[in-house]
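Observations on the three-dimensional arrangement
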Amino acid sequence: GGPASLSRFRGALVAGVLGDCVGGEFEGAEEVPMERVLQHLNSLDDETKGNGILDYSDDTAMARCVVQSLLTRTGYDEQDMARRFGKEFSTSPGRGYGSGVVQVLKKLSAPQLSDVYQPARAQFNGRGSFGNGGAMRAAPFALAFPDLADVKRFAGLGAMLTHSCSLGYNGAILQALAVHLALQGALDPPQQFINRLIAEMEEVEDNEVTRNDARILKEAEKPFCERLHRVRDLIDRSKVSIEEVISELGNGVAALHSVPTAIFCVLHCLQPRECLPESYGGLERTIAYSLALGGDTDTIACMAGAIAGAHYGIEAIPQSWIKCCEGAEDADVNAGRLHALYYQSAKGG
Ligand code: F2R
Ligand code: MG
Ligand code: MG
């Protein structure tokens, strides 16, 4: 489809859910041979396995809250979104949440809470979380707001409800920016896409809070910009091993060690790769490659899936995969609603 077409919205929201559902199989695994990944993905083609056999995890549970809140409030409403996070957690606490964030989610469900950002600020002795929990649910912000400044602002605020460390919420901003640009058809050529992300993140990371957090955590002055430069170097190379990707970019639960990795997965898989079946299109390659990195597979595949889905559109996703994943069909319906909201906002309505 053309820029910001319905197909791209559907692709982004549905492929994010798929990445989470199929990636759950390998979350936390140190090594994941590609044969195991392909076996897992091939099993989804088995028609007897339809009807949502793969459950979604916290990634999708929280993204669904973001979507519902943005649609119901026709924009960002911190009280409403926070309340939805708290309620979702108290209803289904077993979705595999991070060990720290559960404390925030319990506090967010307290009816008397007035400052909804306060529980997140209390995390990790007041340093806040740098986990990827803000980034894993950031894609819907790019689907609700046509204006780039709004995408940055609200993806950041939405992440701060649970992640007050700049290395957490800036990861959410980067993920939302990547989906926003992919939605416009700006992912290819990849060098231009990365340069655009670097230019935006230069601005996002140009402040004292970010510099201070980076200093405490012994990271580069602008941590996400530095990682994006590494992504650019890696995509310039004709051959890159999985070990090199992990050692240069990471595959862990920190936003810094997973958002740039997800972006790399999408860009690396724009072309056919020797290790992947020739029959696979770009979106299937992206999901398979994300799983083969091991580590935080559900979240990296969820974020890479959302970016790739915004690029390739819904037609690139195998129907058999959609049928196997809990929440994928709901995501498809909600993508249509976000598409309407996006164009309503674009018209200033
Ligand atoms: N939690 C998981 N996976 C663990 C296995 C779950 C298992 N399947 C099960 O069912 O039990 N996955 C999910 O968590 C990630 C997102 O986490 P989020 O929301 O960012 O949580 P949290 O707790 O804020 O941060 C995660 C961990 O990062 C470390 N950390 C963060 N900030 C820190 C800081 N300032 N100082 C030190 N450590 C910090 C901690 O270890 C946190 O627990 C996704 O992968 C999602 O899929
Ligand atoms: Mg998860
Ligand atoms: Mg995860």
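A brief report on the enclosed structure follows. (Residues numbered from 1 in each chain as written. Chains lettered and ligands numbered in written order. Predicted model: local features only at pLDDT ≥ 70, side-chain atom pairs only at ≥ 80, totals over all residues. Heavy atoms only, no water.)

Take the overall build of the chain next. Helix and strand counts for the chain stand at 19 helices and zero strands. Expected size for 349 residues packed as a compact globule is a radius of gyration near 20 Å; at 18 Å, the chain falls within 12% of this value. Taken along the three principal axes of its C-alpha coordinates, the chain extends 55 × 40 × 40 Å. For the chain, the share of sequence-separated contacts (at least 6 apart) that also reach a separation of at least 24 residues comes to 74%. For the chain, the computed accessible surface area is about 14,000 Å², with 48% contributed by carbon and sulfur atoms. Here the chain contributes 32 positively and 45 negatively charged side chains, and the mean placements of these two sets differ by 6 Å. (Helix = DSSP H or I, 4+ residues; strand = E, 2+ residues; numbered from the N terminus. Rg over C-alpha atoms; globule rule 2.2 N^0.38 Å. Contact = heavy atoms within 4.5 Å. Areas by Shrake-Rupley, 256 points an atom, 1.4 Å probe, with all protein chains shown as cover. Lys, Arg positive; Asp, Glu negative; His and termini not counted. Charge placed at Lys NZ, Arg CZ, Asp CG, Glu CD.)

This part takes up the pattern of salt bridges. For the coordinates displayed, the defined rule picks out 17 salt bridges. Here E326 and R95 are joined by a salt bridge, their closest N and O atoms 3.0 Å apart. In this pair, E326 sits in the loop between helix 18 (319-324) and helix 19 (328-346) while R95 sits in the loop between helix 4 (78-91) and helix 5 (101-108), placing the two residues 231 residues apart along the sequence. For E326, a relative accessible area of 23% gives the class partly exposed. The salt bridge involving R121 is made with D115; its shortest N-O contact spans 2.4 Å. Taking relative accessible area as the criterion, R121 reaches 42% and is therefore assigned partly exposed. Taken together, the shared-partner salt bridges connect K152, R196, E200 and E203 into one network. (Salt bridge = Lys/Arg side-chain N within 4 Å of Asp/Glu carboxyl O. Buried < 20%, exposed > 50% of the residue type's maximum accessible area, 1.4 Å probe, protein only.)

For the magnesium ion (ligand 3), the full set of protein donor atoms is E27 (OE), D296 (OD), D298 (OD) and T299 (OG1), and the range of their distances to it is 2.0 to 2.3 Å. One way to put it: the six donor atoms around the magnesium ion (ligand 3) meet at angles of 77 to 176°, and that makes the site octahedral. Read in sequence order, the donor residues coordinating the magnesium ion (ligand 3) give the pattern E-x268-D-x1-D-T. The distance between the magnesium ion (ligand 3) and the magnesium ion (ligand 2) comes to 3.7 Å, with D298 serving as a donor to both metals. With E27 in the loop between helix 1 (6-23) and helix 2 (34-43) and T299 in helix 17 (residues 297-312), this residue pair connects regions lying 272 residues apart in the sequence. Owing to a relative accessible area of 42%, E27 belongs among the partly exposed residues under this scheme. (Donors = N, O, S within 2.8 Å, 3.2 Å for Na, K, Ca; no water. Tetrahedral: all angles 85-135°; square planar, octahedral: opposite > 155°, others 65-115°.)

Attention shifts here to the coordination of the magnesium ion (ligand 2). Six octahedral donors around a metal ideally sit at 90 or 180 degrees from one another, while four tetrahedral donors ideally sit at 109.5 degrees. Bound to the magnesium ion (ligand 2) on the protein side are S57 (OG), D58 (OD), D59 (OD) and D298 (OD), at distances that span 2.1 to 2.3 Å. If you list the donors of the magnesium ion (ligand 2) from N- to C-terminus, the spacing comes out as S-D-D-x238-D. The exposure class assigned to D298 is buried, which follows from its relative accessible area of 1%.

What follows covers the packing of helix 3 (residues 58-72) against helix 4. Where helix 3 contacts helix 4, the two axes come as close as 9 Å, and the packing angle between them is 145°. In this structure, helix 3 meets helix 4 at a crossing whose hand is right-handed. The segment helix 3 lies against helix 4, with A61, M62, C65, V66, Q68, S69, L70 and T72 engaging D80, M81, R84, F85 and E88. Considered class by class, the residues forming the contact of helix 3 with helix 4 number seven nonpolar, three polar and three charged. (Axes fitted to C-alpha atoms, helices over the stretch in contact; angles between N-to-C directions. Left-handed = near helix turned anticlockwise from the far one by under 90°. Nonpolar A, V, L, I, M, F, W, Y, C, P; charged D, E, K, R; others polar.)

Looking now at unusual backbone geometry. Of the consecutive residues D188 and P189, the connecting peptide bond is found in the cis state with omega at 5°. With respect to the helices and strands, the residue P189 is situated in the loop between helix 10 (166-183) and helix 11 (190-204). Of note in the backbone geometry, A4 takes a positive phi value of approximately 50° without being a glycine. A residue is classified by how much of its surface remains accessible, and A4, at 4% relative accessible area, is buried. Although it is not a glycine, K218 sits at a positive phi angle of roughly 55°. Following the sequence through the fold, K218 ends up in the loop between helix 12 (208-216) and helix 13 (223-236).

The environment of ligand 1 is formed by 23 residues, the closest being E27, G100, S129, H163 and D296. Here an oxygen atom of ligand 1 sits 3.4 Å away from a polar atom, N or O, in the main chain of N132. Here an oxygen atom of ligand 1 and a side-chain polar atom of D296 are 2.6 Å apart. For ligand 1, the accessible surface in isolation is 920 Å², of which the surrounding protein chains cover 69%. Elements supplying a minimum of two residues to the shell around ligand 1: helix 3 and helix 17. Of the residues belonging to the shell around ligand 1, the class tally is six nonpolar, 11 polar and six charged. (Near = heavy atom within 4 Å. Polar contact = N/O pair within 3.5 Å; in protein donor to acceptor, adjacent residues only side chain to side chain.)

Going through the model one piece at a time under the given rule, you end up with eight aromatic pairs. With a centroid separation of 5.2 Å and an interplanar angle of 90°, the aromatic rings of F89 and Y97 are classed as edge-to-face. Residue classification places Y97 among the buried positions, given a relative accessible area of 12%. We note R95 situated over the ring of Y56; from NZ or CZ to the ring centre the distance is 3.9 Å. (Phe/Tyr/Trp six-rings, centres within 6.5 Å; stacked < 30°, edge-to-face > 60°. Lys NZ or Arg CZ within 6 Å of the ring centre and 35° of its normal.)

As a further point, take the side chain of E200. Structurally, E200 can be placed in helix 11. With relative accessibility at 11%, the residue E200 sits in the buried group. Beyond its immediate sequence surroundings of up to four residues, E200 is in contact with L148, K152 and L177.

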